[in-house]
Amino acid sequence: NTTKGSRTFALMSAFIDEYLKLHPDTAVVKWVNLNEDPEITNHVLNVNNFEAWYVNQQYIDELLTANKLVIGTPVNNFSVSTMVKNWIDHIVFAGKSFKMQQGKLIGLLTNLRVQILVTKGGEKNKTDAYSIDYLKDTFSILGASVNEPILIDKTDRSINLNLSPTEIIAKHHDEIMKVVKTF
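Definitions and cut-offs
Within each chain, residues carry numbers counting from 1 in the order of the written sequence. Given that the model is predicted, a residue must reach a pLDDT of at least 70 before its local features are reported, and side-chain atom pairs must reach 80 or more before they are shown or counted; all residues, however, enter totals for whole chains, interfaces and linings. The side-chain figures draw on all heavy atoms in the structure; neither hydrogens nor water molecules are used. Strands pair, by our definition, only if DSSP identifies at least two bridges between them. For helices the rule is a DSSP run of H or I covering at least 4 residues; for strands it is a run of E covering at least 2, with both sets numbered from the N terminus onward. What makes a patch is a set of residues exposed beyond 30% relative accessible area and free of salt bridges, joined within 9 Å when like-charged and within 5 Å when nonpolar (Val, Leu, Ile, Met, Phe, Trp, Tyr). Accessibility throughout is a Shrake-Rupley quantity obtained with a 1.4 Å probe, and a residue counts as covered only by protein chains that appear here. When a carboxyl oxygen of Asp or Glu lies within 4 Å of a side-chain nitrogen of Lys or Arg, that pair is called a salt bridge. Axis definition: a line fitted to C-alpha atoms, limited for helices to the stretch in contact. Angles are taken between N-to-C directions and run from 0 to 180 degrees. Comment on the angle field: the value is read as roughly parallel under 35 degrees, roughly antiparallel over 145, roughly perpendicular from 65 to 115, and oblique elsewhere. Any pair of residues with heavy atoms lying within 4.5 Å of one another is described as a contacting pair. The nonpolar class holds Ala, Val, Leu, Ile, Met, Phe, Trp, Tyr, Cys and Pro. Asp, Glu, Lys and Arg form the charged class, and all remaining residues, Gly among them, are polar. Three labels apply to residues, based on accessible area from a 1.4 Å probe with only protein chains included: buried if under 20% of the type maximum, exposed if over 50%, partly exposed otherwise in between. To be clear, the arc concerns the directions from the helix axis to the C-beta atoms. For Phe, Tyr and Trp, where Trp contributes only its six-membered ring, two rings pair if their centres lie within 6.5 Å, and the inter-plane angle classes them as stacked under 30 degrees, edge-to-face over 60, or tilted in between. Either the NZ atom of lysine or the CZ atom of arginine qualifies as a charge over a ring when it sits within 6 Å of the ring centre and within 35 degrees of the ring normal.

S.K.: Let's hear about the pairing of strand β2 (residues 98-101): which residues, and what values?
M.R.: One ladder, built from four bridges, connects β2 with strand β3 (residues 104-107); its direction is antiparallel. Bridging from a neighbouring strand, F98 pairs with G107 of β3.

Following this line, the structure appears as structure tokens:
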């Protein structure tokens, strides 16, 4: 979806706006739209590029120097968006985001606190765990701490058809504020 029509972007914007109000001393907020990143949109991990895949360490290097990550995705086909999955394939990097020690996986992103923001056109159901748990588990395995996720559902149902993405998300202000305060 375009930034203008994206409920996920509206959720992320609302979360960041409220976070900055509570933490005005935040040094840097870097917005990354994976849809505009040619590395993410044009390159996917496959058998033909496996050996050369991890040459570009930009994404993991950014996470190693960050202390917080806010990641937003819509639910697409019961999971995270393709762009988010591809980005994760770029950061799950042996020796950088995790290591093996005596047969045990050790996460190396212990500097990182993660906030997961998810939107869904339909109603919440048991399949929502696929996208949220995938992100929670991935970042936990990599050593990051994960804050309580937010899932905003029914974004394309009749109750929201005449509302802009910002208006849809504004209806969840109290839920967003609750989680912002713990991040």
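Back to the text.
S.K.: I'd like a rundown of a nonpolar patch on the surface, residues and numbers included.
M.R.: Taken together, F9, L20, V29 and W31 make up a surface patch of nonpolar side chains, about 320 Å² in accessible area. You can see W31 is positioned in the loop between α1 (7-22) and α2 (38-42).

S.K.: Can you tell me about the packing of helix α4 (residues 82-91) against helix α5 (residues 128-141), naming the residues and giving the values?
M.R.: Across the interface, α4 lies against α5 with an axial gap of 12 Å and an inter-helix angle of 10 degrees. As the angle between them shows, α4 and α5 are arranged roughly parallel. Here V84, K85, W87, I88 and I91 of α4 lie close against α5, whose contacting residues are Y134, L135, T138 and F139. Taken together, the residues that form the contact of α4 with α5 break down as seven nonpolar, one polar and one charged.

S.K.: Hey, could you go over the side chain of T138 for me, with residue numbers and the actual values?
M.R.: By the secondary structure assignment, T138 is in helix α5. Contact partners of T138, with chain neighbours within four places excluded, come to I88, V92 and D133.

S.K.: Which residues make up helix α7 (residues 173-180), and what are the values?
M.R.: Of all the positions in α7, only I176, M177, V179 and V180 are classed as buried. For α7, the buried positions fall inside an angular range of 165 degrees around the axis, keeping them on one side. Turned more than 90 degrees off the buried face of α7, the exposed positions are D174 and K178.

S.K.: Kindly report on the pairing of strand β1 (residues 68-74), identifying the contributing residues and their values.
M.R.: Burial of β1 is extensive: five of the seven residues sit out of reach of the surface. Strand direction decides the pairing type here: β1 and strand β4 (residues 113-119), joined by seven bridges, are parallel. Bridge pairing in β4 places G72 opposite L117.

S.K.: Tell me about the packing of aromatic side chains, and name the residues and values.
M.R.: Enumeration according to the criterion identifies four aromatic pairs in this entry. Three or more aromatic residues joined by ring pairs make a cluster, and in this case those are F15, Y19 and F183. Here K68 stacks its cationic end above the ring of F183, 4.7 Å away from the centre of that ring.

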